[in-house]
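Here is what each chain is made of, one letter per residue.
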Amino acid sequence: MRREELLDAAEDLLCDQGSAALTLAAVADRAGVSKGGLLYHFSTKEALIKAMVERLIDEFDELMAAQPDDTYTERYLGATLAAVRSSKLRRWAVVTGASGNLFLLAPLREAMARWHREGLSEEPDQVASQIVRLACEGLWDVASHDPDLNSEDDLRALEARMRALLKPAAAS
């Protein structure tokens, strides 16, 4: 459990003070542990950032798996909205801002490619599915910077419209 608290402290520090403030000493201080306690879990700043990236990917994959929808894109939309509603979306901006190191961001790039390609060929309308997936990315990004922009009513309306895009057109 302590490991998760350390990751939370690092994310909070990044949100409050930016990537320049991310040091092991600052994270330990924010978490209320000794630097040695932090080093037990994360021997370097890079290890800490890597763990934040891994947690981000794992949590979104879990959200995806928990969605009851039929198509991958519908599950992607549901997972995105669940993340936005739970305010866990800030990790996207935090992790990206925390690491100028392309090596550390490689797992996130791979996950993004997977999330945007997986199941696309099985979708009823591949173009509509791509539009919805890209709209989800925009929602994540905007909500990361302005979490109060969309009310619950706004989110319901966006969800309804995006789901409507995914419904196959009626045969003429």
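Everything quoted here is computed from the prediction, not taken from an experiment.

(A) Broad picture of the packing of helix H1 (residues 2–17) against helix H2 (residues 24–31). Put simply, H1 and H2 touch, their axes get as near as 8 Å, and they point 110 degrees apart. When the axis of H1 is compared with that of H2, the two are roughly perpendicular. Classified by chirality, the crossing of H2 by H1 is right-handed. Taken together, the residues of H2 that come into contact with H1 (itself represented by Arg2, Leu6, Ala9, Ala10, Asp12, Leu13, Asp16 and Gln17) are Ala26, Val27, Arg30 and Ala31. Partitioned by chemical class, the residues of the contact of H1 with H2 number seven nonpolar, one polar and four charged.

(B) Looking closely at the environment of Met52. With respect to the helices and strands, the residue Met52 is situated in helix H4 (residues 45–65). Met52 sits in the buried class, given a relative accessible area of 0%. It is 28 Å that separates the C-alpha atoms of Met52 and Ser151, two residues lying 99 residues apart in sequence.

(C) Local environment of the packing of aromatic side chains. Considering all chains together, one arrives at three aromatic pairs under this definition. Look at Phe60 and Tyr76: their rings are 5.4 Å apart centre to centre, the planes differ by 75 degrees, and that puts the pair in the edge-to-face class. Of this pair, Phe60 sits in helix H4 while Tyr76 is found in helix H5 (residues 72–86), placing the two residues 16 residues apart along the sequence. In this structure, Phe60 and Tyr76 share a single accessibility class: buried. Aromatic pair Phe60 and Trp115: ring centres 4.8 Å apart, planes at 65 degrees, arrangement edge-to-face. Note that Phe60 is positioned in helix H4 and Trp115 in helix H7 (residues 102–117), a separation of 55 residues in sequence. Trp115 gets classed as buried once you look at its relative accessible area, which sits at 0%.

(D) Structural detail: the pattern of salt bridges. Applying the stated criterion across every chain yields a total of 15 salt bridges. Between Arg156 and Glu152 there is a salt bridge whose closest N-O contact spans 3.5 Å. Taken together, the positions of Arg156 and Glu152, both in helix H9 (residues 152–166) and four residues apart, correspond to about one turn of that helix. On the basis of relative accessibility, which here comes to 34%, the residue Glu152 falls in the partly exposed class. Beyond isolated ion pairs, a larger network of salt bridges with shared partners links Asp69, Arg85, Glu152, Asp153, Arg156, Glu159 and Arg163.

(E) Focus on the packing of H7 against helix H8 (residues 126–145). Between H7 and H8, whose axes approach to 9 Å, the crossing angle comes to 140 degrees. Classified by the angle their axes make, H7 and H8 are oblique. Facing H7, whose interface residues are Met112, Trp115, His116 and Arg117, H8 presents Arg133, Leu134 and Glu137. Of the residues belonging to the contact of H7 with H8, the class tally is three nonpolar, one polar and three charged.

(F) Focus on the nonpolar core. In terms of nonpolar packing, the biggest core is built from 43 residues, with Leu22, Val27, Leu48 and Met52 touching the most fellow members. Where this core is concerned, the elements lending two or more residues are H1, H2, H4, H5, H7, H8 and H9. For this core, the leading source of residues is H4, giving nine residues.

(G) Quick peek at the environment of Pro107. When you line up the elements, Pro107 lands in helix H7. Linking Pro107 and Gly138, residues 31 residues apart in sequence, is a C-alpha distance of 20 Å.

Definitions and limits used
Residues numbered from 1 in each chain as written. Predicted model: local features only at pLDDT ≥ 70, side-chain atom pairs only at ≥ 80, totals over all residues. Heavy atoms only, no water. Axes fitted to C-alpha atoms, helices over the stretch in contact; angles between N-to-C directions. Helix = DSSP H or I, 4+ residues; strand = E, 2+ residues; numbered from the N terminus. Parallel < 35°, antiparallel > 145°, perpendicular 65-115°, else oblique. Left-handed = near helix turned anticlockwise from the far one by under 90°. Contact = heavy atoms within 4.5 Å. Nonpolar A, V, L, I, M, F, W, Y, C, P; charged D, E, K, R; others polar. Buried < 20%, exposed > 50% of the residue type's maximum accessible area, 1.4 Å probe, protein only. Phe/Tyr/Trp six-rings, centres within 6.5 Å; stacked < 30°, edge-to-face > 60°. Salt bridge = Lys/Arg side-chain N within 4 Å of Asp/Glu carboxyl O. Core = buried A, V, L, I, M, F, W, Y, C linked by side-chain atoms within 4.5 Å.

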